[in-house]
Amino acid sequence: MGQGQSGESSKHVTTEQLSHELALRFAKRCFTPLELYSFQDVFKSLAEHQDHIAYLKEDTIARFLEIPDILGASSIIFQMVSYLGAFPFGQDAPVVLGFEQMIMVVVIMTERYQRVLKKGNRDRTKLLFRSLAVFDNKETHKDDLTSAEGFVAETSTVETELSRSHVQGFAVDAAANDEEEEEEDDDDLALAALESLDAIEVFRHGDAPIAQASIPSDNLKKLIMLLLLIAPLGAQESLAQHAERLSGENLEGLRRTADNVLAAFVNVEKFPGVKIHQFNTVIPISFPFLFHGFNPLFEHFLFSKNIDFTKRKDGSDPLPPPTDTVLEQPLLAQKGEILDLNVLSQLSFFVPGSTLFRQLRLLYSGGDAGFSLGSFETKVFNWRAPTILLVSGNRISDPPTGGQERAFSNTLAPKRFPDSSKSEHVVFGVYVAQPWHQTHKECFGNSDTLLFQLEPVHEVFHASTINKDYISFTKPPSAHSGISIGCPHPKSKQTSGLAPHVNLGAVSLMLDSSFEFGVFTHNYTSGGGAFHNSGTRRADFQDRFEIESLEVWGCGGDAEAEQQRQRWAWEEREAEARRRINLGTGDIEADRALLEMAGIIGGNRSGGSMN
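Within each chain, residue numbers correspond to sequence positions counted from 1 in written order. Under the rules for a predicted model, residues below a pLDDT of 70 receive no local features and side-chain atom pairs below 80 are neither given nor counted, while totals for whole chains, interfaces and linings still include all residues. To obtain the side-chain values, all non-hydrogen atoms of the structure were used and water was disregarded.

## Focus on the packing of aromatic side chains
The rule is short: rings of Phe, Tyr and Trp, with Trp giving its six-membered ring, pair when the centres are within 6.5 Å, and they are stacked under 30 degrees, edge-to-face over 60, tilted in between. Inspection of every chain in the model, using the stated rule, returns 25 aromatic pairs. With a centroid separation of 5.5 Å and 80° between ring planes, the pair formed by Phe43 and Phe99 is classed as edge-to-face. Of this pair, Phe43 sits in helix α3 (residues 33-46) while Phe99 sits in helix α6 (residues 99-109), and the two are 56 residues apart along the sequence. Here the two residues Phe43 and Phe99 agree in accessibility, since each one is buried. The interplanar angle of 10° and the centroid separation of 6.0 Å between the aromatic rings of Phe291 and Phe294 together place this pair among those described as stacked. Comparing Phe291 with Phe294, the two get one shared label, buried. Here a set of aromatic residues connected by ring pairs shows up, and it is made of Phe64, Phe129, Phe265, Phe279, Phe287, Phe291, Phe294, Phe298, Phe301 and Phe349. A run of DSSP states H or I qualifies as a helix once it reaches four residues; a run of E qualifies as a strand once it reaches two. Both are numbered from the N-terminal end. Here's how the labels work: a residue is buried when its accessible area is under 20% of the maximum for its type, exposed when over 50%, partly exposed in between, all with a 1.4 Å probe on protein chains only.

## Here's the deal with the side chain of Thr449
By the element assignment, Thr449 lies in the loop between β8 (425-432) and β9 (450-455). A polar side-chain atom of Thr449 sits 2.8 Å from the main-chain carbonyl oxygen of Asn446. Here a residue-residue contact requires only that any non-hydrogen atoms of the pair lie within 4.5 Å. Excluding anything up to four places from it in sequence, Thr449 contacts Val430, Tyr431, Ala463, Ile471 and Phe531. Here a polar contact is taken to be a pair of N or O atoms separated by no more than 3.5 Å, where protein atoms must pair a possible hydrogen donor with a possible acceptor and residues adjacent in sequence count only if both atoms sit in side chains.

## Quick look at the confidence of the model for the protein
What pLDDT expresses is the predictor's confidence in each residue, scored from 0 to 100. For the protein, the mean per-residue pLDDT works out to 83, and 77% of the residues sit at or above 70. This model gives residues 138-181 a pLDDT under 50, and the stretch forms 105 contacts once residues within four places in sequence are excluded.

## With respect to the layout of surface pockets
Using protein atoms alone on a 1 Å grid, points that fit a 1.4 Å probe yet trap it form a cavity, whereas open point sets bounded by protein on both sides within 12 Å along at least five of seven lines form a pocket; residues with an atom within 4 Å of a point count as lining. Grid points are joined across faces, edges and corners, and a volume is the space filled by probe spheres set on the points. Computed from the structure, the largest pocket encloses a volume of approximately 1000 Å³. What lines the largest pocket is a set of 31 residues, and nearest its centre among them are Ala263, Val266, Asn267, Val268 and Val457. Of all the elements in the fold, those that place two or more residues in the lining of the largest pocket are α10 (248-262) and α11 (276-286). Classification used: nonpolar for Ala, Val, Leu, Ile, Met, Phe, Trp, Tyr, Cys and Pro, charged for Asp, Glu, Lys and Arg, polar for all others including Gly. Grouping the amino acids of the lining of the largest pocket by side-chain chemistry returns nine nonpolar, 12 polar and 10 charged. Taken as a whole, the second largest pocket holds about 600 Å³ of empty space. Lining the second largest pocket are 27 residues, with Gly253, Arg256, Ile338, Asp340 and Val343 sitting closest to its centre. Mapped onto the lining of the second largest pocket, the elements with two or more residues apiece are α10, α13 (341-347), β8 and β9.

## Points about the state of the cysteines
Cysteine sulfur atoms that pair up within 2.5 Å are treated as a disulfide. Applying the stated criterion to the full structure yields zero disulfides. The closest cysteine sulfur to the non-disulfide-bonded Cys443 is located on Cys487, 8.2 Å from its own sulfur. Take Cys443: its relative accessible area is 18%, and that puts it in the buried class.

## Digging into the sheet that holds strand β4 (residues 213-216)
Pairing between strands is defined by DSSP: at least two bridges between the two strands are required. Taken in spatial order, the three strands make up an open sheet running β3-β4-β5, and their pairing is antiparallel. In this open sheet, the two strands that pair with only one neighbour each are β3 (134-135) and β5 (273-274). One ladder, built from two bridges, connects β3 with β4; its direction is antiparallel. Paired with Val134 across the bridge in β4 is Ser214.

## Notes on the pairing of strand β11 (residues 471-474)
Judged by which residues are buried, β11 turns out to be covered on both faces: Ile471 and Phe473 on one side and Ser472 and Thr474 on the other are all buried. Direction of pairing for β11 relative to strand β12 (residues 482-485): antiparallel, over a ladder of four bridges. Considered in β12, the bridge of Phe473 is made with Ile483.

## Some remarks on the pattern of salt bridges
Here, a salt bridge means any Lys or Arg side-chain nitrogen found within 4 Å of an Asp or Glu carboxyl oxygen. Using the criterion set out here, one finds 10 salt bridges in the structure. Two residues, Glu21 and Arg25, come together in a salt bridge whose shortest N-O distance is 3.3 Å. Within this pair, Glu21 and its partner Arg25 are both found in helix α2 (residues 15-30), separated by four residues, close to a single helical turn. When its relative accessible area of 23% is taken as the criterion, Arg25 is described as partly exposed. Close ionic contact of Asp259 with Lys221 constitutes a salt bridge, the shortest N to O distance being 3.0 Å. A residue pair is termed long-range when its members are at least 10 positions apart, and Asp259 in helix α10 and Lys221 in helix α9 (residues 217-230) qualify at 38 residues. Exposure remark for Asp259: the relative accessible area of 36% places this residue in the partly exposed category. Shared partners join several salt bridges into a network, and the residues in it are Glu35, Arg112 and Glu299.

## With respect to the side chain of His242
Counting through the fold element by element, His242 comes out in the loop between α9 and α10. A distance of 3.0 Å separates the side chain of His242 from the side chain of Glu237, its partner in a polar contact. What His242 contacts, discounting residues up to four positions off in sequence, is Leu229, Pro232, Leu233, Glu237 and Leu331.

## Concerning the environment of Val96
Relative to the elements of secondary structure, Val96 occurs in the loop between α5 (74-84) and α6. Look at Val96 and you get buried, because its relative accessible area is 12%.

## Examining the packing of helix α7 (residues 125-132) against α11
When two helices pack together, their arrangement is given by the angle between their axes and by how far apart the axes lie. Here an axis means a line fitted to C-alpha atoms, over the contact stretch when the element is a helix, while the angle between two N-to-C directions is reported on a 0 to 180 degree scale. At a minimum axis distance of 10 Å, the contact between α7 and α11 shows a crossing angle of 135°. Here α7 lies oblique to α11, going by the angle between them. When the axes of α7 and α11 are compared, the crossing they make is right-handed. Together, Thr125, Lys126 and Phe129 of α7 and Ile276, Phe279, Asn280 and Ile283 of α11 make up the contact between the two elements. Along the lines of polarity and charge, the residues of the contact of α7 with α11 split into four nonpolar, two polar and one charged. Small angles under 35 degrees read as roughly parallel and large ones over 145 as roughly antiparallel, with 65 to 115 read as roughly perpendicular and the rest as oblique. Crossings are assigned a handedness: left-handed for a near helix turned anticlockwise from the far helix by less than a right angle, right-handed for a clockwise turn.

## Looking at α9
For α9, built from 14 residues, the straight-helix expectation of 20 Å at 1.5 Å per residue is met to within 8% by its first-to-last C-alpha distance of 20 Å. Within α9, 10 of the 14 residues are buried, which leaves it mostly tucked inside the rest of the structure. Listed in full, the buried residues belonging to α9 are Ser217, Leu220, Leu223, Ile224, Met225, Leu226, Leu227, Leu228, Leu229 and Ile230. For a helix, the expected span equals 1.5 Å multiplied by the number of residues minus one.

## Overview of α2
Under the 1.5 Å per step criterion, the end-to-end length of α2 is 21 Å for 16 residues, consistent within 8% with the ideal 22 Å. Among all positions in α2, only Thr15, Glu16, Leu18, Ser19, Leu22, Ala23, Phe26, Ala27 and Cys30 are buried. Against α3, α6 and α8 (188-196) lie the buried residues of α2.

Shown next, in the form of structure tokens:
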């Protein structure tokens, strides 16, 4: 009977009451007492007041988070948080950003909701898509999602939440790049939240169908520029410290990098926006860490500058500040010909930032050490930590014009795939978890190896666990020596009767032995090889290019560099010992006497000159 009464009462619970209960649960279980106290103090210091009600405005949030005006992303962030504040009832968005709504925002943006929502799908990708999307409505909606002027906010009481209005979004032209697959409208994260409240039955489909939603390309590019900027943020680090990235050539580089990232989602020349299918397909494969910069950015709400952490409980004098100031290492110790801060942030979208920022060391640069397998070996071998190879170049014409281009093309099968894009400049790379070494019969690498393209389209090709033709490093007299990623291992030497062409893998990158030319192949028809096919570009293509720059970066610091130096020193000692065994002790007269005693030279024998 008690269960029946409980079930009956749950049917009459309002969405406002459930939102209030979820906000309380998030506040208690996702924040420490100090963080909650700081959050209250920050909100109180920032809030506007109208009719004794406190709320946050767009410019207040942008100023507090130090979002640069030049990016034009403030209104996009405000649209996102105005939607997320309505969680788990997206149909009520946009909401006024009162105290409870900002709890929802901070918990979601910092991914702390995972401490409460332990069941079901806890991925926030679809939720973030809805927060960014606009809808193709036939009716005209003139409500402005990015304005807070006409709204009244509330503090922590549930009753005033009844004033929330339902605004579906901007009216835009429908993006025509729908996929045939139908996406479910249910938001898994919202369902998980309601399940935690035992209130699934109150979920109603008030949101517009997600198939009608798209993220305008211009908005997504502005957001990507912000995400590139905040990617290296540490805990409580001010975004203003990265202001140098927003001027001159740095800003232009930021825009170019954002264009390459945007191209992974949509062809802006054909479609005006990004649909949910592309969003859900691209992010897990190529951008698993795309939104990680939001975590430290929104954690600023959990640290109040008004709280003096130097005060002591006993009332004695505060602790003196530390006298020794340790200068923090730069994000990138030195700029490469390919790698700069923008490309570094781009890499952090699919390689954990903890292994990149302040962790990379330039091991090899073709422009400095020379474009040869020997110089590559000398600089890169014996680095025991992961490495990242980057190569850039310009397409060679088809048919090739110069003699060297023709010679390289003759080593390949006749080109039957088109170029991947109209862009002349390309950048490819590979993340290698294992140490480099020369290969003779089998490739090296493992399933953690990542083959990727950074320009003009960002895409990551993950390794297969079945085909293990990951990486080969071969030197003459091997047939078609050089560096190959995703190709069958070359034969030890050219055998008469065999085809003279390089055996390229289905999804592969090959650099010739002189590091003059390279070729990237995507044979979608074959179904993939050592690396999986593209998830979005479902076509065959091949890019043949003349190498402009080639560099290898080691993930690690002084300890890894010292380990590499010691390894080289040990190998040099071993080589010297072998030379002494083969050729003698270094003392010519003693060696001659030893060889005469052995009967190898002397008398009627001749062992040749010892000089």
